[in-house]
Structures are given as structure tokens and as C-alpha cells.
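# Architecture at a glance
Residues per chain, in single letters:
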Amino acid sequence: MEIITLRTFAAAAYATLAVLSAAQKKPLDHSVYDSWKSVQGTQLSDDGKWILFRIAPQEGDAVAEIRSTSGDKKHLIPRAGNVQFSQDAKYVIATVVPGFIEARDARRAKVKAEDLPKNSLVIVDLATGTPTTLERVASYMIAEDDSGWIVYKPEPAKPAATPAPATPAAKPAEAQQGTLKKKADHKAGEAIILRNLATGKEERIEDVVTYRFSKNGKVLVYTLSTKDGAGDGVIWYDLPSGSKTVVAKQMGRYPRLAMDENATKLAFLTDKDDYAAKAPSQAIYLYSAGKSQVVAKEGSSGIPAGWWIGESTQLSFSDSGRRLIFSTQPKPVEEKKDDTPDDEKAALDVWHWQDPTLQPQQLLQAAAERGRSYTAIVNLDTNKVVQLATPAMPSVQLGSKSDAPFGLGSSGLDYRLEASWNLGFNDYFVVDLNTGGVNKVLSKFDGSASISPGGKYIYAYDQAAQRGLVINPQTGVQTDITRDIPFPVYDELNDDFTNPRAYGSAGWLKGDERILLYDNFDIWSVDPMAKTKPLNITNGFGRSLNTRFRYVRTDPEEVAIDSGKPMLLSGMHDFTKADGFFWDSMAPNVVPTKIVMEDKSFSNPTKAKNSDVITYTRSDFAEFPDVWLADNLNFQNSRKVSDANPQQKEYNWGKSELISYTSNDGIPLQGMLIRPENFDYAKKYPMIVYFYERSSDGLHGYRAPAPSASVINPTLAASQGYLVLIPDIVYKPGYPGESAMHSIMPAVQEVMRRGYVDPKKIGLDGQSWGGYQIAYMVTETNMFACGFAGAPVTNMFSAYGGIRWGSGLVRQFQYEKTQSRIGATMWDSPLRYLENSPQFFLDKVKTPLLIMANDKDGAVPWYQGIELFTGLRRLQKPSWLLVYNNEDHNLVQRRNRKDLSIRKHQFFDHYLKGAPMPEWMAKGLPATEKGKNFGLGLPKG
């Protein structure tokens, strides 16, 4: 008994000391944003002996840290941009960007582009730590598997002043082709520099347009465009021997290059054979075994009549090198010149009731449509061109290696009109890559489809029928492969009017032997021909432990899963949100074995290419996701190697906890409650309630102090003495407003029941869909002291036919099928639209509202916020409308984010803490003061 008493006393004393210690820390404020840092671009060297990452402030200069994984060496590169290891782990190469303040001041002074501060290049010898700095470098390139070479592109020299012409300019030299002349728009290329990392020896190559390393880094291929055109062409540079081969030399443009995996074949695009034409036609040449030949051009058999190869086409080889992938497009028709003066031309858009897509969407997509191209291939064994995609079937998947005998075509063109209210359907086609033959296998399909790595099968998930299908591309036979899985393989929490999506797939086993599918908790190995029963390879362990298992791919080049190797799985507990990793295998009766499981959030580990060393991040609400290292995938000798924000210990932070409650409809739900680090159970706290769909899975997420794009920063709020409640919401289709009330109010009451919330000091905060719910809630209850509603829809009648200007889509689909969850048209169920529209019940509002509706919002029409504000203004209800000019749905410009963060805290501080009103709230801001007075101070007098 004595021991228990002492322990209890010690624990209480420790808790008291912790509270006192936290009370001495500073609260966060808006001045901390710029200095709060993130970790970016973490990489391991291939041998696992080095790690690098960038520590970057939100505004300011980043620093790259390079550390030996043994911990005995460290190198820093201030202001590092693009950073990479050489493959042999002897060097680090990085661009170094101008200082933030230097660059900012130059922009403000409107310095000419050529006089702006420029990047430099730094090469660090890891053995000695010695840096080599090369000034004025625009960019650099190393090969995927480099062999000790780097190419960098120096900044062009500043243009010299143009002297007055003394004599007529000399005529341009003729190229090899006798009478062919250089065109007026023929531009010379720029210099690149080839550097050997070991010796430092450099070679300057002039007039380069495009360049490419082979995958193994032993070949550099580049194209030339010289001032007089005489040196135009393609060069193959064998780096080990130093020999250069002229692949092509003729006046023209050479805009695209591609090499196969083994550097035995080169493809290049050029207009050299038609260069004299006003609109020259492009041809694709293949260089192999010392010879070049045309393999595709306008008029080639297989390319549709009236089509050509556009200059923007991308070139690539299949993994085997036996196919060359490119694209074609209809040849543009030269438009007749219209001499009508612009001031006499009408400016209008004509909307037609049978247009498959609305004019706003057409206008947004017009440039892409004019330049649309269609996938084609050359089968290099036969040099046969096969046109795959067409205007009627614009998309074709070629599989992971592009070597399968079949492709998968898709088209939603027939369903574009219906997509305005019923989302998108697609037809799917098997495409024979040898002949171009097409066979439709799925019609008006609601779901996704993909090719297996080996090309033997097509896997499609049918969302309407809630089943997984395997299609044999040769026969078209479809097999339901999920019928014998005893649990749903689709999202069981789906609560709108769309068909639920699948939980997904871990991928295929090698040889397309089996496919691995997920249910909510476990992983199933499924026979694509359904001749054997599905096998639960996690043996129901996930369901029994309430833990969601998912496969972790540790090799980024893995195409198919090796069934003979152990499988690394991530696992998250569905209720506690604990996160971690497990080992499993395909062997029967083997259950997953825990490696690590904590009340943290882990990133998936990244393994060094040729070593067992791994890197990952670990975090919770109070622990920043710093970089961690471990010796292997068993997480042995785990240690933290970055310390991005040591200043955090100076500030009063916050703690997150999980709460459980039951909705008014009897459904168990969860939410997050964030409390100040110096929380005192004896006090009464103001509370801000934020919500958006379901958020509780993010319990262990770290939230850095940052200026707000729309919603309150919970870390800053907690540091300043607020509780922040983030409840999950479940929806009854057809009643989104009522559902919000039935989920959110019980969560608020659960926290109020605990006795440390001031019931008169509770505010609401939400953006977009959350903004709508706040507008609805304040027409139903007066218990909240204030609310912020960002980009809210308040009138479902006027919003229903509005346009999402960011995409050009009409909003009808959102109300009938997705987030708004009405489930019917406005004319079929007008009462649902009425009762879910707070605009018609504004006379009931007694809660002061701060509204944000920006004039370039691409998702919610900004007039919705105007309707809400003008209605409240007419009724003389306390309300303010913030309209950030030229801003989107969520704020983009950092200056505006900072401004919103200050105003939101002033708003909440006034209503929830009794702080004085700032000038903008007390008196407003006249248009005559715009840009001069921002009204953030207290009013005078």
C-alpha cells in the first residue's frame, strides 16, 4: 500500500511539474511561420553509407545536409536546390539558388532577366568534404545509373549591345543540300559542358538543343543547331572511349531523342527531309548497328491519311527495345486569313443544348484539344507502324513494360453529356498491338481497369456490381474473381450516391500468377482464372486485430511481387490509429509478425538500392516528422538524424487525443480533440470546432504552424489557449445538413460533458463543404458564439446550375451523386434543396459569421458567399465578408494567407476570449482606403 501511495504521489508531482514547465513556454504567434521548417528530398546513396535531405523554411534559404549513416561525417550545402548522389556515392551534386532576400530584392527592383542573380553548381567530394563551385549554371543532368559523368548547362552570356550596321550582313552559308537555305527562325543551340566527376576534366559542346544520357551513363547523345545550319545533326558520344559518331548531319530541327535500355538503339525526331517547307513534316529515325533509317513519317503505312507526327511527340522504347512508342495527330489545316478588324468582330461563346461538354470546359481545354495527339507504335521487328489511339478511343494503356501483346483502350466520349450529372463512364477495349485490331470488352463501365504486368489479363473493378473482374484479352471472357471473398472489397463507409470504390490492390505476382486484393483489413491472393479459392495471406489477422494491412513496396523498380520473398506490410489500428509495420509471407498459415507498432504516424520506409539501410519519418501531433535511419527493415538501431525545428521546445504546443461518441442516429463515431500542452483540467477553455468529412485517421499527424489557406491552424490555436475539436461526420443520403448536426453536436456535447469547456465560448470553423455545414448549423442552433464559413454554398438552388470555373464542369453532379448528397434533381426533389439551403432560413441566425468568398474561386461560385452576406446584412446580423482578389477556393498567395490567419484569430479572440474588435471588424474598411489601411489595429477613439 505504501508503494502504491508513493508512486501515485510521484506521478502527481511529475504531472504538476510538467504543467508548470509547459506554462513557462511561449505561445506561438503569427511571427513564427516563416522560420518553421520542413524536411524535403530525402535520399539514400545506393550503398547506404550516406543520406541527404534539405531543411527548408517556409520562407527563406534551404540547407542540404549530407550525413554518413554511421554518423561520423556531415556536410552542408547552403541554399541547395536540386540535390543528387552520384551512383558510386563519391559525390553529391547540387544546384545552389540565389539567396531568398537577394532574389526578392532584385525582383522588387525590376532587374532585367539577364541581370537577376543566377544559380551555381556545387560538387562535393564526400571523402574529403571539399566542394567545387561552378558559377552561373542553369541546370544539370546525370544518368539514371551514372558512370562518373555529369552534363551541366551554363547560363548564356549577357547579350552584347548591338552596334549600328556598317555594311550589309553577309549571306548565310548554305547547308549540305545545295540550295536549301537557313530559315529566319532557325535558332542556334546553347552550350553544355560535359564534366568527369573524378578528374574534373571538362569539355564544352556548343550549339546543343537536346541531350540525353543512356541509362548506364556511358553514352551521351545530343542534337545540334548551328547558326548557319551547316552543323545541324545528331551526335553519339561514347564516353569511355571518347569517340563521337555523327548519326545525322543535315540542316533541320531535331527536337526529340530516346534511347533503349541497353543503349543499342537511338530514336530521334527531325524535320530535316522536309525542312524547306513552310510547315515541315517530322520523321522518326532509328539508329542501330551504325545505320539510320526512317521508321515513321507522314504517309507511312499505318499512319492515318491526313495525319502526321507532331513536333511535341514524346519518344520512348519498350523495356525490351522491340517497340518504339510515339504519337500522331491530324495535320492542322492552314486557316484562311481573316482581314476583319478586331474591333468589328463579335466576342461571344455559343452554348448549344447538345454540346457534349459545356463551353467553359471547352474553353479551358481548347488548347489541349487543338494539340491532342494519339498513341502509336513501331514494332521494330517488322518496322510496322500501328496506330493505337484514335479520336473515337483517345486513350490506350500499354502496360508496365510496353511489351505485352495487347493494350487497353478507353473512351468516355459517348457519356460526356451525362457526366454533367452522373459522373463519368467509360467503354474499354482490348487493342492488338501487332495489328491495331480493337475489341470492346466493357460498355458504360463505372470503375477502373488496368493491364497485368505480363499482359496476360485485364483487371477491372465494377463499382456498380461491387465485384472484381479479370478479362482474358484473347477471348474477352470475364471472370468474377471476388465472389468467394467473404468480406466486402469496396469502401464500406461510402455514404453518398456514387457506387463505392474498391479498397484496391497490392499488385500482381510475377508471371501474372495471382493478384493481391484488399478488403478493409486483410490481403487476399486471388487466382485470375478463379479455378482455386482466394487465399487470405494475412490469415484474418487484420480483422481480428482491427488493423488495416497494406503492402509496402520497398523496391521502386518492382513491377510484380515475388511470392518467394517476405512481404513488408504497413498496419494501422482502425480504432486507436496506432501505426507500424509487420512481416508476412505467402506461405500458408503464417500470420503477420509485428516489427514496430506505436501511437505514431510512420511514412513507408525507403531502402538503399544496394544495402539494407532504410530511412523513414515518424511523427505525432507534437513530434515533427524528422528523418530517421535504421540498419534494416527490422528497424534495428533506429536513430533520428535530422532536427528541423529545435525551436519548438521553446513554445507551448498541443496534444491530440481520440474521443468516441455516438451520433444522434446511433452510429459510433470518433474525433480528435487537441488541447494546449499546458492544459489544466480545472480551467474552462474556449473551443473551436472544425470539421470536414472524416478526419480521425489523422490523429497522429503533425501540423506545423503555417499561415492558413482557409481553416484555423490547430497547433497555433492550441498554443494560444484554445481547444480544437475535429469530429467525424457520417451522412444520411439526402440530408447533408441534418447529418452534420446529428454528428457534430454529440461530439461537442461529449467534450462539454467533461467540464473544461466554457459553453458560451465555442466557435465553428470550416471551409467549402465545411463552410456550407456551418452556414446550415447556425440556422438550426444558437449554441455557438461565432463561426467562420469559408467558400460556403448557402443556396442549393442557385448553386446547382453553377459552374466550377476551375474545371468548367456544371455543379449538378455534386448534388445528385457526390459530396452534397441530395441524390435527386432540383425539380424532382425541390423540398430537399430548400430544407438543406441555409439561405432560406437566415432570419433564424443569431451567430456572428465571418465569411470568405474569393473572386476567382474555381470550385464554389463566389456569389454564394455574397448571397449569404447580403442576406445577413439585410437582416442586420453581425457578419463580415472577406474577398481576396484574384484568389482561388483556398488561398494561394502567402501574403493573403498571413492576412487571413491574423483576421481569423482576431475574430475568434473577440468572440471567444473577449478581446477588443480590430478596426476592420468594428468599422469596416472603405474602398477609398484599399491598399493603404488594412484595419488590423484597434480603432482610434
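Bear in mind the structure is a predicted one, so any value in this text is a computation, not a measurement.

What follows is about the confidence of the model for the chain. Chain-level statistics for the chain give a pLDDT mean of 92 and a share of 95% at 70 or above. Of the regions scoring below 50 in pLDDT, residues 1–17 engages in zero contacts with residues more than four places distant in sequence or in other chains.

Time to look at the sheet that holds strand β2 (residues 37–44). Here four strands make up an open sheet; going across it, the order is β2-β3-β4-β5 and the pairing antiparallel. The open sheet has two edge strands, β2 and β5 (74–78), and neither has a second partner. On average, adjacent strands in this sheet sit at an angle of 20° to one another, irrespective of strand direction. Where β2 meets strand β3 (residues 50–57), six bridges bridge the pair, whose relative direction is antiparallel. Across the sheet, Gln43 pairs through a bridge with Leu52, a residue of β3.

Core analysis: the largest hydrophobic core is formed by 49 residues, its most contacted members being Met687, Val689 and Leu725. Sequence-distant contacts of Leu725, defined by excluding residues within four places in its chain, comprise Ile659, Met672, Leu673, Met687, Ile688, Val689, Tyr690, Ala747, Val748 and Val751. Of all hydrophobic cores here, the second largest spans 47 residues; its members include Leu28, Ile55, Tyr702 and Ala717.

Look at helix α7 (residues 736–752) against helix α8 (residues 769–777): their axes get within 9 Å of each other, and the N-to-C directions meet at 85°. The angle between the axes of α7 and α8 places the two elements in the roughly perpendicular class. Contacts between α7 and α8 involve Pro736, Gly737, Glu738, Ala740, Met741, Ile744 and Met745 on the former and, on the latter, Trp769, Tyr772, Gln773, Tyr776 and Met777. Here the residues of the contact of α7 with α8 are counted per class, giving nine nonpolar, two polar and one charged.

Right, let's talk about a nonpolar patch on the surface for a bit. Taken together, the side chains of Leu831, Leu834 and Phe840 present a nonpolar region at the surface, about 270 Å² in accessible area. Mapped onto the elements of the fold, Leu831 is located in helix α11 (residues 830–835).

Along the chain, Lys25 turns up in the loop between α1 (2–23) and β1 (26–27). We classify Lys25 as partly exposed; its relative accessible area is 25%. It is 8.0 Å that separates the C-alpha atoms of Lys25 and Lys649, two residues lying 624 residues apart in sequence. Of the polar contacts made by the side chain of Lys25, one reaches the side chain of Glu677; its length is 2.8 Å.

Cut-offs and rules
- Position numbers for residues count from 1 along each chain, tracking the sequence in the order it is written.
- Local features are withheld for residues below a pLDDT of 70 in this predicted model, meaning they are given only at 70 or higher, and side-chain atom pairs are given and counted only at 80 or more; totals for whole chains, interfaces and linings count all residues.
- Where side-chain values are given, they derive from all heavy atoms of the structure, hydrogens and water being excluded.
- pLDDT runs from 0 to 100 and stands for how confident the predictor is about each residue.
- Only heavy atoms enter the contact rule, under which two residues are in contact if any of them lie within 4.5 Å.
- Only when DSSP finds a minimum of two bridges between them are two strands counted as paired.
- A run of H or I in DSSP becomes a helix once it reaches four residues, and a run of E becomes a strand once it reaches two; helices and strands are each numbered from the N terminus.
- Note on geometry: axes are lines fitted to C-alpha atoms, helical ones only across the stretch in contact, with angles between N-to-C directions running from 0 to 180 degrees.
- For this analysis, a nonpolar core means a set of buried residues of the types Ala, Val, Leu, Ile, Met, Phe, Trp, Tyr and Cys, connected via side-chain atoms within 4.5 Å.
- Classification of residues uses two cut-offs on accessible area relative to the type maximum, computed with a 1.4 Å probe and protein chains only: under 20% is buried, over 50% is exposed, and between them is partly exposed.
- Angular relationships are summarised with four words: roughly parallel below 35 degrees, roughly antiparallel beyond 145, roughly perpendicular across 65 to 115, and oblique for the angles in between.
- Residue polarity follows a fixed list, in which Ala, Val, Leu, Ile, Met, Phe, Trp, Tyr, Cys and Pro are nonpolar, Asp, Glu, Lys and Arg are charged, and the others, Gly among them, are polar.
- Candidates for patches are residues over 30% relative accessible area with no salt bridge; among them, like charges are joined within 9 Å and nonpolar side chains (Val, Leu, Ile, Met, Phe, Trp, Tyr) within 5 Å.
- For accessible areas, the Shrake-Rupley method is used with a probe of radius 1.4 Å. Any residue's cover is judged against the shown protein chains and nothing else.
- When a carboxyl oxygen of Asp or Glu is within 4 Å of a side-chain nitrogen of Lys or Arg, the pair counts as a salt bridge.
- We call two N or O atoms a polar contact when they sit within 3.5 Å, provided that within protein one can donate a hydrogen and the other can accept it, with sequence-adjacent residues counted only if both atoms are side-chain atoms.

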